[in-house]
Amino acid sequence: MRPGKFDATILTLGFAFLYIPILILVIYSFNESKLVTVWGGFSLKWYGEMWRNAGLMSAAWVTLQVGLLSASLGTVLGTLAALTLVRFTRFKGRLLFSGMVYAPLVMPEVITGLSLLLLFVAIGVDRGLMTVVIAHTTFTMCYVAIVVQSRLLTFDTSLEEAAQDLGCPPVKTFFKITLPLILPAVISGWMLAFTLSLDDLVIASFTTGPGATTLPIKIYSQVRLGVTPEINAICTILIGIVTIGVIIASVGTKQRELQRQRDEHVAARGTTA
């Protein structure tokens, strides 16, 4: 069914409402004037000022560290969780385990952040970089688990069975057969986890400590005193990073679909033979 004119108009207005403010922010990051609402000509000077802003650069470095660490840990744990849910369909506590994996998807970020804060205080852990990494890992791993699980559900297990019949141990089979075939999904999950970590403000604000101020927290604290051109510049860079992440994730999804079709074709040829 083709969308009507009314549907197309509503869709256009919706996308305009979402993306025009972002476009304006990007345009004004190249503004010569110090007043962010007054266009004074094209200039790149605020990008230079941004690089010389020690506070922003420190927060950006912390955010990058947290994103890389939490995305990597979340990808490992999420992939293992997906394998457990798909390959081990019957074990005691499976319902509880799956609920714990999916809970961060529906749990309000305020509840997640507050509960982690209470946990760190109860066990006497000083808040800092690692507590933010742990907090981000807990909510990014569930997104990775969903992405990898969707690939495993359409995975042709006969390829693994053939490798094991030829004498390949299970662990070696996973690294030689399974992992290369699900790698596009794993990469997509990592990129999604990384972009979610870059974007997080609420959970990080509960679990951060001295010397671990992330970029969203830094931007939020400065915006309350007024938007500066440096913030526009660094937000434009973040938009570019997220856009690249989305493109890579989309390409990974397409590659995953093509791989699934190839697996089905190989399986069909094997059945025919």
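None of the values given here were measured: they were computed from a predicted structure.

Enquirer: Mind laying out the overall build of the chain, listing which residues take part and the relevant values?
Expert: A count of helical and extended segments in the chain gives 11 helices and 0 strands. Taken along the three principal axes of its C-alpha coordinates, the chain extends 70 × 60 × 35 Å. Among the 273 residues that make up the chain, the fraction classed as buried is 36%. Relative to all contacts within the chain whose residues are 6 or more apart in sequence, the contacts with residues 24 or more apart total 72%. Within the structure as shown, the chain displays about 16,100 Å² of accessible surface, and the carbon and sulfur contribution to it stands at 71%. Across the chain, the centroid of the 20 positively charged side chains sits 1 Å from that of the 15 negatively charged ones.

Enquirer: Hey, could you go over the layout of surface pockets for me, with residue numbers and the actual values?
Expert: There is about 600 Å³ of room inside the largest pocket. Lining of the largest pocket is provided by 17 residues; of these, D199, C235, L238, I239 and V242 occupy positions nearest its centre. Tallied by class, residues from the lining of the largest pocket come to 14 nonpolar, 2 polar and 1 charged.

Enquirer: Outline the confidence of the model for the chain, listing residues and values.
Expert: Mean pLDDT over the chain works out to 83, with 92% of the residues at or above the 70 mark. Within the chain, helix α9 (residues 202-207) carries the highest mean pLDDT (91), whereas helix α11 (residues 229-272) carries the lowest (73).

Enquirer: Explain the packing of helix α6 (residues 129-153) against helix α8 (residues 170-199) residue by residue, including any values.
Expert: In the contact formed by α6 and α8, the axes pass within 8 Å of each other and the chain directions differ by 145 degrees. Two packed elements cross with a definite hand, and for α6 against α8 that hand is right-handed. Contacts between α6 and α8 pair H136, F139, T140, Y143, V144, V147, V148, R151 and L152 from the former with T178, L181, I182, A185, V186, S188, G189, L192, A193, L196 and S197 from the latter.

Enquirer: Describe in detail helix α4 (residues 94-106), supporting the description with residues and values.
Expert: Between the first and last C-alpha of α4 there are 19 Å, a value that for 13 residues agrees with the 18 Å anticipated at 1.5 Å per step. Bending of α4 peaks at approximately 30 degrees at the position of M100, with proline P104 no more than four residues after it.

Enquirer: So what about the UniProt feature "transmembrane region" (unreviewed entry) in the chain? Which residues, and what values?
Expert: Within the UniProt annotation, "transmembrane region" (unreviewed entry) is assigned to residues 12-30, 59-83, 95-123, 129-148, 179-198 and 231-252. Structurally, residues 12-30 is divided into 89% helix and 0% strand, and its ends, taken at the C-alpha atoms, are 27 Å apart. Secondary structure content for residues 59-83 is 100% helix and 0% strand, and the end C-alpha separation is 35 Å.

Enquirer: Mind laying out empty space enclosed by the protein, listing which residues take part and the relevant values?
Expert: Evaluation of the coordinates by the stated rule reveals 1 cavity of 30 Å³ or more. Each pocket or cavity is described by its volume, and for the largest cavity that value is around 30 Å³. T63, V66, H136, S197, L198, D200, T214 and P216 are the residues that line the largest cavity. Every element with two or more residues in the lining of the largest cavity is listed here: α3 (54-87) and α8. Here the residues of the lining of the largest cavity are counted per class, giving 3 nonpolar, 4 polar and 1 charged.

Enquirer: So what's going on with the packing of helix α7 (residues 158-165) against α8? Residues and values would help.
Expert: At their nearest, the axes of α7 and α8 sit 10 Å apart, and the two run at 145 degrees to each other. Helix-helix and strand crossings are classified by hand; for α7 and α8 the assignment is right-handed. Here L159, E160, A163 and Q164 of α7 lie close against α8, whose contacting residues are P170, T173, I177, T178 and L181. Along the lines of polarity and charge, the residues of the contact of α7 with α8 split into 5 nonpolar, 3 polar and 1 charged.

Rules used in this analysis
Residues numbered from 1 in each chain as written. Predicted model: local features only at pLDDT ≥ 70, side-chain atom pairs only at ≥ 80, totals over all residues. Heavy atoms only, no water. Helix = DSSP H or I, 4+ residues; strand = E, 2+ residues; numbered from the N terminus. Buried < 20%, exposed > 50% of the residue type's maximum accessible area, 1.4 Å probe, protein only. Contact = heavy atoms within 4.5 Å. Areas by Shrake-Rupley, 256 points an atom, 1.4 Å probe, with all protein chains shown as cover. Lys, Arg positive; Asp, Glu negative; His and termini not counted. Charge placed at Lys NZ, Arg CZ, Asp CG, Glu CD. 1 Å grid on protein atoms, 1.4 Å probe; cavity = no way out; pocket = protein on both sides within 12 Å on 5 of 7 lines; lining within 4 Å. Points joined across faces, edges and corners; volume = space filled by probe spheres on them. Nonpolar A, V, L, I, M, F, W, Y, C, P; charged D, E, K, R; others polar. pLDDT = per-residue confidence, 0-100. Axes fitted to C-alpha atoms, helices over the stretch in contact; angles between N-to-C directions. Left-handed = near helix turned anticlockwise from the far one by under 90°. Expected span 1.5 Å × (residues − 1). Bend = angle between axes of the 7 residues up to and from the residue. UniProt positions renumbered as here; feature names shortened; annotations may be inferred.

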